[in-house]
Amino acid sequence: MTEQVPFDPEQSVAELVPAVAVTPMMGQFLEIKAANPGYLLFYRMGDFYEMFFEDAEIASQALGIVLTKRGKHQGQDIPMCGVPIHAAQDYLKKLIALGHRVAICEQVEDPAEAKKRGGKSPVRRDVVRLVTRGTLTEDDLLPARGSNFLAALAMVRHGEAAFALAWADISTGETMVIDLAAAEVADELARIDPAELLFTELTREMLAEAHIRLPDAAHVKLPTEAFDSELAAALIRSSFGGEAVDPTAFSRGQRAALGALLGYAFESQKGKPLALRPPTAGDSAAHMAIDAATRGSLELLQTQRGTRQGSLLAEIDQTVTPAGARLLAQRLAAPLCDAAEINRRLDDVEALAGDAVLGMKLRGALKAVPDLTRALTRLALDRGGPRDLRAIAAAIAGATELGVLLGNLAYAPDGLAALGKVLSAAPKNLAAALDAAIDEEPPLSAKEGGFVRQGFDQRLDGERRLASETRAVVAALQARLIAETDVRSLKIRHNGVLGYFVEVPAAQGTKLLEEPLKQTFIHRQTMANAMRFTTAELAELEGRIARAHEAGLEIEAKVFAQMVNAVIAETEALRQTADALAELDVTAGLGHLAAARQFCRPRVDNSLAFEIEAGRHPVVETMVAAERESFVTNDADLSGGPEGGSIWLVTGPNMGGKSTFLRQNALIAILAQTGSFVPASSAHIGIVDRVFSRVGASDDIGGGRSTFMVEMVETAAILNRATQRSLVILDEIGRGTATFDGLSIAWATVEALHNDTRCRALFATHFHELTSLAKTLRRLSNHTMKVREWEGEVVFLHEVATGTADRSYGIQVAKLAGLPERVLGRARQVLDILEQRSAAGQGSSGRTAGVLDDLPLFAHQMPPKQASVNPLHDMLDAVRPDELTPREAIELVYELKKARDAARRS
Ligand code: ADP
Ligand code: MG
């Protein structure tokens, strides 16, 4: 298709007058395609959605489906590919996941109507829906346990650039908006993690200039007009159902962002009303600021590899409903900064953590509650079915039951008491009405009927009886016709083309074509081995059945509409119920977690304390437990006085547990301010306003920045933005450059954190030189990961002790990693010489090159791999602990001791 065609004057004429040059259908296609730029067009033809031209090429590639052709356009074959309607959802899912946007174009009139207009005019078609990553409402396209946000970033150009961000989950109706300074944009976007992000080219340029990177969402550039705050006002006023929202309640930037968001969202639904909730205006200071790099390094919602498995969220998520899972993820992404609010959440968690029986009952009841919000949205968007009605009835019933359970709580903290009240107030009348009308297990779609309960509508029951009675009459007729014709195998059958018909084997058919039967039987069709007929009586019966069926369908459609309206009328109450259900699920889940994992309630206040006893890293703990080892707990005390927080400088060998220790403390702070219990035996945390966590030497090839540049950009961000209330975790920064550069930068950074920022900080480093800073910096102390040396190998104790590491054990770690003995031996030689020279005052690592010039080249004379065989190792290697009986285990211990004694003696 993209092949270059030589210039042809006739062709350019054809391009100017497409109506002349193309078939009517192609003309219609091109017109619709032109009206929806940037979208793949799913063009409905019969039972397929067809794609043409470039769309076809893109889709066939992306979906792995065959590219064919259909007719010609301007002398060229038209590439085409198609997906069957019944499987369209799966293909859509793939395309959306790849970041494509799809316009669904349906036939919007009866083909008969088109025929009336003249033989050649195509059936009228129109785009009924734009499917994009941020505007999904269908359950099977959405992540069940995650939010799906569409976000719009507006820039206010008045002197200094300021921003506003609006975001909404179209599937749940949640809508939020916030003003942002340029420096906050990246953090907020990282927190919200939108599926699709709208902005203008100018905004993108400004952000690029300020080195602000946009998140990994589907990006959509909109024209500047889309962000017009004047036009937005009307849109804001009219967009939130019956509720009047005053546009002047929002800043100009917020209006612009909301305007772009609403415009795009409405366009995507092509006229269907959106079920959005009035926007909540956020305040970025209300929650702990966690920038994108920190989220990545702490693996809060997903791991660095992009999986949920292995993240903090996956580790702590004990929710049992999709809405609860979504709320927990949102809370973990935005821990609070208000101690009172945090403690209210903790009160609730504590009440449930302490009452296992109630917790179990609550979680059991919650498990049965369907996704109320999303069902509600689908019904409001006219995309719902009878099952959504059932879901709403079930959710109300569940809420009522949960309200009763909470009512039984002997002592209910304010939060739980309030939840109990909201849940008890769920609209029970609506549930009763829905339950009375809709079958227990209805079909997915309302179109085919068959979902209204027997006994709900007398007329419907009448029509149904008629239809079924008539079926009995058909059976009777068949028996009579068999008797009359004496053809045993005569059958009355039904198909979509002929309707009801009489079928007999071909051999008997002639009989019916002759007198006297010819009078009754009218021939319809001759098949290879059967003949089909109809009779006047059968045709009459068929009419009756069809009429009854039609009438029934009409009544069911009315009942459905009536029930949907009843649901919509209760929207506000249902949303409150849904919110309360999600919140209870989160609280019950955290209570369960606290009890199951021995988490403790943190003391959270406005001090500058940071005192953790026996802290654990929840994810690493699970990992080591899988290896049947136990996690070594560690204390931390970074509490500050009036002059500032304390800094712990942590040294120790690679694999000693430094990174784990650093991160666990950041995670404990985040969990505490989320309102969760924490993995420790006690914790006292003064509100942390920002957490920074950086790991040195992590390349960002995709971002086109070198290791060292990444480190420095991120370190700069910390030094510029951390406050005295912040918690800073720096893990081996200064690695990505020459030793002296790195050491110097690390040195200066520690000093700046201590003297200027004065925050609480943990600093792990491989530069042992830094430990001498403890002499001059009063609030800095040295800590090290304990190791034990045993027969030339290191054993990591994972225990943090005061003091400094005497050595870095690099060679021992290399040995563990399986470096060849020859190389290890040579490394030991080099190290010995370096250490001797350095001790003799000949300078350290910086002048190594000169020192090593004299190093004798005896690598090739190395003795062959020394076989320091330790029989204990072989014995241990042979052991399979899981297969030992207790008796065998104790015998093994004796044997090991014996072997050790033997080794000592030799
Ligand atoms: P470092 O940063 O010092 O190189 P890590 O923190 O990456 O070390 O830890 C290395 C490994 O040691 C971890 O993957 C984990 O298996 C284990 N480990 C670390 N801390 C502990 C601990 N407290 N208890 C048990 N195992 C630990
Ligand atoms: Mg490390």
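This is a predicted model, so every value here is computed, not measured.

Conventions adopted
Residues numbered from 1 in each chain as written. Chains lettered and ligands numbered in written order. Predicted model: local features only at pLDDT ≥ 70, side-chain atom pairs only at ≥ 80, totals over all residues. Heavy atoms only, no water. Salt bridge = Lys/Arg side-chain N within 4 Å of Asp/Glu carboxyl O. Buried < 20%, exposed > 50% of the residue type's maximum accessible area, 1.4 Å probe, protein only. Helix = DSSP H or I, 4+ residues; strand = E, 2+ residues; numbered from the N terminus. Contact = heavy atoms within 4.5 Å. Core = buried A, V, L, I, M, F, W, Y, C linked by side-chain atoms within 4.5 Å. Near = heavy atom within 4 Å. Polar contact = N/O pair within 3.5 Å; in protein donor to acceptor, adjacent residues only side chain to side chain. Areas by Shrake-Rupley, 256 points an atom, 1.4 Å probe, with all protein chains shown as cover. Pairing = 2+ DSSP bridges. Axes fitted to C-alpha atoms, helices over the stretch in contact; angles between N-to-C directions. Parallel < 35°, antiparallel > 145°, perpendicular 65-115°, else oblique. Left-handed = near helix turned anticlockwise from the far one by under 90°. Arc of directions from axis to C-beta. Disulfide = S-S within 2.5 Å. Nonpolar A, V, L, I, M, F, W, Y, C, P; charged D, E, K, R; others polar. Phe/Tyr/Trp six-rings, centres within 6.5 Å; stacked < 30°, edge-to-face > 60°. pLDDT = per-residue confidence, 0-100.

Overview of the pattern of salt bridges
Working step 1: What the rule picks out here adds up to 41 salt bridges.
Working step 2: We note a salt bridge from Asp77 to Lys72, for which the minimum N-O separation is 2.9 Å.
Working step 3: The exposure class of Asp77 is partly exposed, given its relative accessible area of 37%.
Working step 4: A salt bridge links Glu201 to Lys221; the nearest nitrogen and oxygen atoms lie 3.0 Å apart.

Section: the side chain of Ser676
Working step 1: Looking at where Ser676 falls in the secondary structure, it is placed in the loop between α25 (658-674) and β22 (682-686).
Working step 2: We classify Ser676 as buried; its relative accessible area is 1%.
Working step 3: Once residues lying within four places of it in the same chain are set aside, the contact partners of Ser676 are Leu346, Leu590, Leu593, Pro602 and Leu671.

Remarks on the nonpolar core
Working step 1: Ranked by internal contacts, the top residues of the largest apolar core, which has 52 residues, are Ile612, Phe661, Ile670, Val678, Ile685 and Leu727.
Working step 2: Ranked by the residues each element gives to this core, the list is headed by α25, at nine residues.
Working step 3: What Val678 contacts, discounting residues up to four positions off in sequence, is Phe599, Cys600, Pro602, Ile668, Leu671, Ala672 and Ala683.
Working step 4: Val369, Leu376, Ala580 and Leu581 belong to the second-largest nonpolar core, a separate cluster that totals 47 residues.

A closer look at the site of ligand 1
Working step 1: Neighbouring residues of ligand 1: 14 residues in total, closest Val632, Met655, Lys658, Ser659 and Thr660.
Working step 2: Interatomic distance of 3.2 Å between a backbone N/O atom of Gly656 and an oxygen atom of ligand 1.
Working step 3: His798 has a polar side-chain atom sitting 3.5 Å from a nitrogen atom of ligand 1.
Working step 4: Burial of ligand 1 by the protein amounts to 80% of the accessible area it has alone, namely 560 Å².
Working step 5: Where the shell around ligand 1 is concerned, the elements lending two or more residues are α24 (618-626) and α25.
Working step 6: Of all the elements, α25 adds the most residues to the shell around ligand 1, at three residues.

Describing the sheet that holds strand β14 (residues 491-495)
Working step 1: If you trace the four strands from one edge of the open sheet to the other, you get β14-β15-β17-β16, paired in antiparallel fashion. Looking at strand neighbours, the two that pair on one side only are β14 and β16 (522-526), the edges of this open sheet. Strand after strand, the sheet turns through a mean of 40 degrees between neighbouring axes, direction not considered.
Working step 2: Alignment of β16 against strand β17 (residues 530-534), held across four bridges, turns out to be antiparallel. The residue of β17 that forms the bridge with His523 is Phe533.
Working step 3: In this fold helix α21 (residues 506-513) packs onto β15 (499-505), β16 and β17, with an angle of close to 110 degrees to the strand it touches most, β15.
Working step 4: Those strands touched by helix α22 (residues 536-569) are β14, β15, β16 and β17, and its axis lies near 145 degrees from that of β15.

Describing the packing of helix α16 (residues 372-380) against α22
Working step 1: Close contact between α16 and α22 brings their axes to 10 Å; oriented N to C, the two are set at 125 degrees. Taken together, the axes of α16 and α22 are oblique relative to one another. Crossing geometry of α16 relative to α22 is assigned as left-handed. Along its contact with α16, which presents Leu376, Leu379 and Ala380, the element α22 presents Phe560, Val564, Val567 and Ile568.

Regarding the sheet that holds strand β23 (residues 690-695)
Working step 1: In space, the seven strands of this open sheet follow the order β13-β23-β24-β25-β21-β26-β27, with mixed pairing throughout. In this open sheet, the two edge strands, each paired with only one partner strand, are β13 (289-290) and β27 (793-802).
Working step 2: When strand β24 (residues 727-731) meets strand β25 (residues 760-764), the two strands line up parallel, connected through five bridges. Each bridged residue has a counterpart across the sheet, and for Val728 the counterpart in β25 is Ala761.

Examining the environment of Arg663
Working step 1: One can find Arg663 in helix α25.
Working step 2: A relative accessible area of 17% means that Arg663 is categorised as buried.
Working step 3: Taking the C-alpha atoms as reference points, Arg663 and Glu503, separated by 160 residues in sequence, lie 77 Å from one another.
Working step 4: Those residues in contact with Arg663 that lie beyond four places of it in its chain are Ser297, Leu298, His617, Val695 and Asp731.

A look at helix α9 (residues 229-238)
Working step 1: All of the buried residues in α9 are Ser229, Ala232, Ala233 and Ile236. Across the axial projection of α9, the buried residues extend over an arc of 115 degrees, all falling on one side. Exposed and facing more than 90 degrees away from the buried side of α9 are Glu230, Leu231 and Ser238.
Working step 2: For α9, the elements touching its buried residues are α10 (252-269).
Working step 3: Here α9 starts with a cap whose side-chain oxygen sits 2.7 Å from the backbone nitrogen of Glu230, and that cap is Asp228.

What to know about the pairing of β22
Walk down a regular strand and you will see the side chains alternate between the two sheet faces.
Working step 1: Of all the five residues making up β22, four are buried; the element is thus mostly covered by neighbouring parts of the structure.
Working step 2: Relative to β22, strand β18 (residues 603-605) runs parallel, the two being bridged by three bridges. Its bridge partner lying in β22, Val604 is registered against Ile685.
Working step 3: When strand β19 (residues 610-615) meets β22, the two strands line up antiparallel, connected through four bridges. Looking across to β22, one finds that Glu613 is bridged to Ser682.

Overview of helix α4 (residues 53-63)
Since one α-helical turn is 3.6 residues long, residues separated by three or four positions face the same way.
Working step 1: Within α4 the residues assigned to the buried category are Phe53, Asp55, Ala56, Ala59, Ser60 and Leu63. Buried residues of α4, seen end-on, are gathered within an arc of 130 degrees and therefore sit on one face of the element.
Working step 2: Among the structural elements, α3 (24-35), β1 (40-45), β2 (48-52), β3 (68-73), β4 (76-84) and α5 (88-97) are those in contact with the buried residues of α4.
Working step 3: Positive backbone phi, approximately 65 degrees, marks Gly64, located one or two places after α4.

Let's talk about the state of the cysteines
Working step 1: For the coordinates displayed, the defined rule picks out zero disulfides.
Working step 2: Free of any disulfide, Cys105 has its nearest cysteine sulfur in Cys81, 15 Å distant.

Notes on the environment of Ala573
Working step 1: Considering the arrangement of structural elements, one finds Ala573 in helix α23 (residues 571-596).
Working step 2: Judged by its relative accessible area of 24%, Ala573 is partly exposed.
Working step 3: Taking the C-alpha atoms as reference points, Ala573 and Ala426, 147 residues apart in sequence, are found 6.7 Å from one another.

Comments concerning the packing of helix α17 (residues 386-407) against helix α18 (residues 414-424)
Working step 1: It is the contact of α17 with α18, at a shortest axis distance of 7 Å, that shows an interaxial angle of 145 degrees. For the pair α17 and α18, the crossing hand works out as left-handed. Listed contacts from α18 to Ala399, Thr400, Leu402, Gly403 and Leu406 of α17 are Leu416, Leu419, Gly420, Leu423 and Ser424.
Working step 2: Its residues assigned to classes, the contact of α17 with α18 comprises six nonpolar, four polar and no charged.

Quick look at the packing of aromatic side chains
Working step 1: Summed over the entire model, instances satisfying the criterion amount to eight aromatic pairs.
Working step 2: With a centroid separation of 6.0 Å and an interplanar angle of 70 degrees, the aromatic rings of Tyr43 and Phe52 are classed as edge-to-face.
Working step 3: We classify Tyr43 as buried; its relative accessible area is 0%.
Working step 4: The buried category is assigned to Phe52, whose relative accessible area is 1%.
Working step 5: Joined through ring pairs, the aromatic side chains of Phe29, Tyr43, Phe52 and Phe53 make up one cluster.

Quick word on the confidence of the model for the chain
Working step 1: Chain-level statistics for the chain give a pLDDT mean of 86 and a share of 91% at 70 or above.
Working step 2: In the predicted structure, residues 699-704 sits below a pLDDT of 50 and forms seven contacts with residues beyond four places in sequence or in another chain.
Working step 3: Across residues 843-847, confidence stays below pLDDT 50; counting only partners more than four residues off in sequence or on other chains, it has six contacts.

Looking at the pairing of strand β20 (residues 634-637)
Working step 1: The alternating pattern of β20 places Asn634 and Ala636 on a buried face, while none of Asp635 and Asp637, on the opposite face, is buried.
Working step 2: Note: β19 against β20, three bridges, orientation antiparallel. Among the inter-strand pairings, Glu611 is bridged to a residue of β20, identified as Asp637.

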